[in-house]
Amino acid sequence: MSDISRSPVLLRTTVLCAGLLVGPRLLAAQPAPPTPTPTYRLDAAVADSFARAARARPRPATRALRVTAAPVIDGRLDEAFWREGTPVTDFVQRELNEGVPASERTEVRFATDGEALYIAARMFDREPHLIVPGEKIRDVSLANSDHIAFIFDTYRDRQNGFVFATTPAGVEYDGQVIREGEGGGVMTAGQNRAAGGAMGGFNVNWDASWTVATAIDSLGWTAEFRIPFATLRYQSGSGEQQWGLNISRNIRRKNEELYWSFIPRQFNLYRLSLAGTLDALQVPVRRIRTVTPYVLSSSRQRWDAGVRSSTAPTDWGGEVKVGVTPSLTLDLTYNTDFAQVEVDDQRLNLTRFPVFFPEKRPFFLENAGVFSAGTPQAVDLFFSRRIGIGDNGAPLPILGGGRLSGRAGRTTLGVLQMLTDRPSSGASGQSYSVGRVVRELGSRSRIGAMVVQRLATDSTADVNRTYAVDGRLGVGQRWTADAWASRTTTPGRDGDDWAYNTRVAFQTNVWNHSVRLAQVGADFNPEVGFMSRPGGYRTGEVSFMRLVRKPEWTWFKQWNPHTSYRRFEGRDDGRLQTGYWHIDLTEIELANGARFGPEYNISQEGLQAPFTIAPGVTLPVGDYTWGTLGFDYNSDPSENVSVAGRFDVGPFWSGSRRGGSSTLTVRRGATFSGSLAVEYNDVTLPQGDFTSTLQALRLNYFFTPRLFVQTLTQYNNQQNVWGANVRVGWLNTAGTGLFVVFNEGRTAGGFFDWQAPLQRSVFVKYTRQFGNAG
């Protein structure tokens, strides 16, 4: 956590200082600031020369100092051994100017005592009063603040890794990377450009047990990490290992993104095939063993036709984690509970197809990438929200289960088994089984297979299975090809039950193109997966993007003209189901992070059955084509007040629509943030007129990075429901601690027009991790 209250005489600064030894710690005056980095007058030719020189740099390497006494993790970097060795210093820009040396010096050192990996990082800054600390919440968006981030490729397969990062506010940020962060998912029409995320290639919800502390002083800011080896997965066997390593620093007010091992601007930190190395690292043969019990007390009330029923159950359960090997882990869970998880964001839906809601439950998020297969948000062959969550979003009782995941040599393994109890509706309990294997082939390539089964616990005839094979071929750094094929078996569905998908992508620092072809049979039915539309179609998608830079314009980042077309047609009759052509030739990104661009979108829909788009408004069978003018925008997201959103106006089906969405965000330092999101659509059709609205208010207060209050209040007029969620968290480690959660739902005619109550609940949950995870 940031600390500027201590005397500047106490050393919290660079590890290069000389001083007085006091026990294992160092007391010294602050060092002199480094010599300022020269500034460069850039034009296209000079910028290109820097980029070419950076690409020609050899991949760097460093080592961790072996120590006998662990440092105190306080962010002050005043241990004597932090003076030893040569620090990592040579950082170059990915943004804003590719390959240009950093404008501020960075020094990083590594050490180990055989139990954990320690990191000391000094981020010099000649204007420390302008450092952007960010919010004090775990896994906060790093793009909106200064930060330092590390990625470790512990298996040295150049595709998968672990990310650890922090900001000047001292937050813990961690995640898992698979396939170099390339999930290859599908954006939905009208989706905000940031909403798609990594599309399955990065799991920010993986929470490990580790420690970090930071401090801000007159020379910039510092960070000190302790990452226990027990919290990582790496190759079996003791002795020296070589890990892939890269380091990224962000200077937010300059929008300067720096890397130790140079990464071209079309890629990011997850590009492990371009990482440097952490050599001769001594790792222990130590297997994780933890027990994480919980106890839960709650009070729940429900109203059914105005009649209230109340329950006040007290419950307990927990999880056990055992390292079978240093690289293979067994997780067991009993009476699995997720009361502390934030509720889903409500969504407006004016399409014929289901809305995708992401997984938020910790047990299923850990190692989720192992079980990822298919096309994220389009055809997910395994979607963990099918376990323990009903179609209406209500939780279903999970008795327990287990997961075995990790590595054996160059092969990634995953086995998952979960059991759900019979719900109150009287339906059968379910058994869910998943098996996954992936073989890394090198050169960003792999091949894998998966099987998924849902089996009713009271009838072996009620069963659904999914079988799949998939693979990726990387050709150099520019070309990537993905493919998968899958078949399902469902009693009573004996028709076309196959699905296929292929995708080829080409990416450089000035071009970004892709093409996709897929086919899904009418009886393809992955019941433990997610499909954005029913089967019985084939689809093709092509996209082109150009990235244009003007390095001599200091206010300008890039111009991104791009277009894409996606078409769905019937598998048997070839009839158009959906077409979407996106044309955006004017998207501009500014150096401060702002972005804007008008766009034109052409939609096609072939209705083969009437579609009720709103109560009392039904569109008849027929073919529809319309074009809509849109505008997508956001201001500098690091400012105390920022705004983001989009609006659309023009024809819509057989009528017209005016509307859009906007989010206003307000911050006060690292302790408070709030946002108001509003979505509104005014639709006029020959079949009837209607409006759809959604309002969501978030308020967050962070006392420390581990003590917070978060609220989310939402109203959606499509369902006429108002909901409130209040969470108080006092975290210990790895997402454990004390949680107090309040939920309320009411029918409503507006955000402030509350009507009949639907449900109210209060949960108090305490969970604690015991064992050797750090």
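As the structure is a prediction and not an experimental result, all values here were calculated from the model.

## Side note on the environment of Asp207
Working step 1: Along the chain, the position of Asp207 falls in the loop between β11 (202–203) and β12 (211–217).
Working step 2: A sequence separation of 565 residues divides Asp207 from Asn772, and the C-alpha atoms of the two residues are 15 Å apart.
Working step 3: Residues within four places of Asp207 in sequence aside, it is in contact with Arg138, Asp139, Asp174, Ala734 and Gly735.
Working step 4: Within the structure, Asp207 has its side chain in polar contact with the side chain of Arg138 (distance 3.3 Å).

## Some words on the pairing of strand β17 (residues 289–304)
Working step 1: Bridge count between β17 and strand β19 (residues 314–325): 9 bridges; the pairing is antiparallel. What sits directly across from Val295, in β19, is Trp316.
Working step 2: Taken together, the 2 bridges between β17 and strand β49 (residues 770–771) define a ladder with antiparallel strand orientation. Directly across from Val291, in β49, lies its bridge partner Phe770.
Working step 3: Where β17 lies against strand β48 (residues 753–767), 9 bridges are found, and the strand directions are antiparallel. Looking at β48, one finds that Arg300 is bridged to Ser761.

## Digging into the packing of aromatic side chains
Working step 1: Scanning all chains against the criterion turns up 34 aromatic pairs.
Working step 2: When the centroid spacing of 5.6 Å and the interplanar angle of 10° are considered together, the rings of Trp553 and Trp555 count as stacked.
Working step 3: Ring plane angle 45° and centroid distance 5.7 Å describe the contact between Phe611 and Trp653, whose orientation is recorded as tilted. With Phe611 in strand β38 (residues 611–614) and Trp653 in the loop between β41 (641–652) and β42 (655–668), this residue pair connects regions lying 42 residues apart in the sequence.
Working step 4: Grouping aromatic residues by their ring pairs yields a cluster made of Phe110, Phe150, Phe152, Phe164, Trp210, Phe225, Phe229, Tyr234 and Trp243.
Working step 5: The ring of Phe338 has Arg361 lying over it, and the distance from NZ or CZ to the ring centre is 5.2 Å.

## Structural notes on the pattern of salt bridges
Working step 1: Evaluation of the coordinates by the stated rule reveals 54 salt bridges.
Working step 2: Note that Arg698 and Asp345 form a salt bridge whose closest N and O atoms lie 2.4 Å from each other. Separated by 353 residues along the polypeptide, Arg698 in strand β44 (residues 688–704) and Asp345 in the loop between β20 (328–334) and α2 (362–365) bring together distant segments of the chain.
Working step 3: On the basis of relative accessibility, which here comes to 22%, the residue Arg698 falls in the partly exposed class.
Working step 4: A residue is classified by how much of its surface remains accessible, and Asp345, at 34% relative accessible area, is partly exposed.

## Considerations on the sheet that holds strand β4 (residues 65–66)
Pairing between the strands of a sheet comes from backbone hydrogen bonds, and it takes one of two forms, parallel or antiparallel.
Working step 1: Spatially, 5 strands are ordered β4-β6-β7-β13-β12 in an open sheet, and the strand pairing comes out mixed. In the strand order of this sheet, the two ends are held by β4 and β12, each with one partner.
Working step 2: Bridge count between strand β6 (residues 106–112) and strand β7 (residues 116–124): 7 bridges; the pairing is antiparallel. Looking at the pairing, Glu107 lines up with Arg122 of β7.

## Quick notes on the sheet that holds strand β21 (residues 374–375)
Working step 1: Read from one edge of the open sheet, 3 strands run β21-β22-β31, paired in antiparallel fashion. With partners counted over all chains shown, the strands left at the sheet margins are β21 and β31 (530–531), one partner each.
Working step 2: With 2 bridges joining them, strand β22 (residues 379–380) and β31 adopt antiparallel strand pairing. Bridged to Asp380 within β31 is Phe530.

## Points about the nonpolar core
Working step 1: Ranked by size, the top nonpolar core spans 37 residues in total, and within it Phe110, Phe152 and Ile247 carry the most contacts.
Working step 2: Leave out the neighbours within four places in its chain, and Ile247 touches Val88, Phe91, Val108, Phe110, Ile148, Ala149, Phe150, Leu258, Tyr259 and Trp260.
Working step 3: Val379, Ile398, Val434 and Met531 belong to the second largest nonpolar core, which has 27 residues in total.

## Here we look at a nonpolar patch on the surface
Working step 1: Together, Val295, Trp316, Tyr334, Val728, Trp730, Leu738, Val740, Val762, Val764 and Tyr766 make up an exposed nonpolar region whose accessible area comes to about 910 Å².
Working step 2: Going through the elements one at a time, β46 (721–731), β47 (737–750) and β48 are the ones with two or more residues in the nonpolar patch.
Working step 3: With 3 residues, the single largest contributor to the nonpolar patch is β48.
Working step 4: Summarising the element assignment, Tyr766 is placed in strand β48.
Working step 5: Classification of Tyr766 as partly exposed rests on a relative accessible area of 38%.

## Describing unusual backbone geometry
Working step 1: In this chain, Glu95 is followed by Leu96 through a cis amide linkage whose omega measures 0°.
Working step 2: As for its position among the elements, Leu96 is in the loop between β5 (92–95) and β6.
Working step 3: At Asn335, a position not held by glycine, the phi torsion is positive, near 50°.
Working step 4: When you line up the elements, Asn335 lands in the loop between β20 and α2.
Working step 5: Look at Asn335 and you get buried, because its relative accessible area is 17%.
Working step 6: One non-glycine residue with positive phi stands out, namely Arg444, at about 60°.
Working step 7: Topologically, Arg444 is positioned in the loop between β25 (430–442) and β26 (445–456).

## Describing helix α1 (residues 44–56)
Working step 1: Its 13 residues place the ends of α1 18 Å apart at the C-alpha level, agreeing with the 18 Å of an ideal helix rising 1.5 Å per residue.
Working step 2: The set of residues buried in α1 consists of Ala47, Phe50, Ala51 and Ala54. One face of α1 carries all of its buried residues, which in axial projection span an arc of 95°. Counted as exposed and oriented over 90 degrees from the buried face of α1: Ala45 and Ala56.

## Observations concerning the side chain of Arg385
Working step 1: Looking at the element boundaries, Arg385 is found in the loop between β22 and β23 (398–408).
Working step 2: Judged by its relative accessible area of 11%, Arg385 is buried.
Working step 3: Engagement of the side chain of Arg385 in a polar contact is seen with the backbone oxygen of Pro358, the distance being 3.2 Å.
Working step 4: Every residue in contact with Arg385, bar those within four places of it in the chain, is listed here: Asp344, Phe357, Pro358, Glu359 and Arg361.

## Comments concerning the environment of Phe162
Working step 1: Looking at the element boundaries, Phe162 is found in strand β9 (residues 161–166).
Working step 2: A sequence separation of 10 residues divides Phe162 from Phe152, and the C-alpha atoms of the two residues are 5.3 Å apart.
Working step 3: In this structure, Phe162 is in contact with Phe150, Ile151, Phe152, Thr154, Gly175, Gln176, Trp206, Leu232 and Arg233, ignoring residues within four places of it in sequence.

## A short note on the confidence of the model for the protein
Working step 1: Mean pLDDT over the protein works out to 88, with 91% of the residues at or above the 70 mark.
Working step 2: Within the protein, no element has a lower average pLDDT than strand β1 (residues 20–22), which sits at 33, and none a higher one than strand β8 (residues 147–153), at 97.
Working step 3: Here residues 1–29 is modelled with pLDDT under 50, and outside its nearest four sequence neighbours on either side it reaches 91 contacts, counting other chains as well.
Working step 4: Within the model, the stretch residues 185–199 combines pLDDT values under 50 with 40 contacts to residues more than four positions away or in other chains.

Procedures and definitions
- Residues numbered from 1 in each chain as written.
- Predicted model: local features only at pLDDT ≥ 70, side-chain atom pairs only at ≥ 80, totals over all residues.
- Heavy atoms only, no water.
- Helix = DSSP H or I, 4+ residues; strand = E, 2+ residues; numbered from the N terminus.
- Contact = heavy atoms within 4.5 Å.
- Polar contact = N/O pair within 3.5 Å; in protein donor to acceptor, adjacent residues only side chain to side chain.
- Pairing = 2+ DSSP bridges.
- Phe/Tyr/Trp six-rings, centres within 6.5 Å; stacked < 30°, edge-to-face > 60°.
- Lys NZ or Arg CZ within 6 Å of the ring centre and 35° of its normal.
- Salt bridge = Lys/Arg side-chain N within 4 Å of Asp/Glu carboxyl O.
- Buried < 20%, exposed > 50% of the residue type's maximum accessible area, 1.4 Å probe, protein only.
- Core = buried A, V, L, I, M, F, W, Y, C linked by side-chain atoms within 4.5 Å.
- Patch = residues over 30% accessible without salt bridge, like charges linked within 9 Å, V, L, I, M, F, W, Y side chains within 5 Å.
- Areas by Shrake-Rupley, 256 points an atom, 1.4 Å probe, with all protein chains shown as cover.
- Expected span 1.5 Å × (residues − 1).
- Arc of directions from axis to C-beta.
- pLDDT = per-residue confidence, 0-100.

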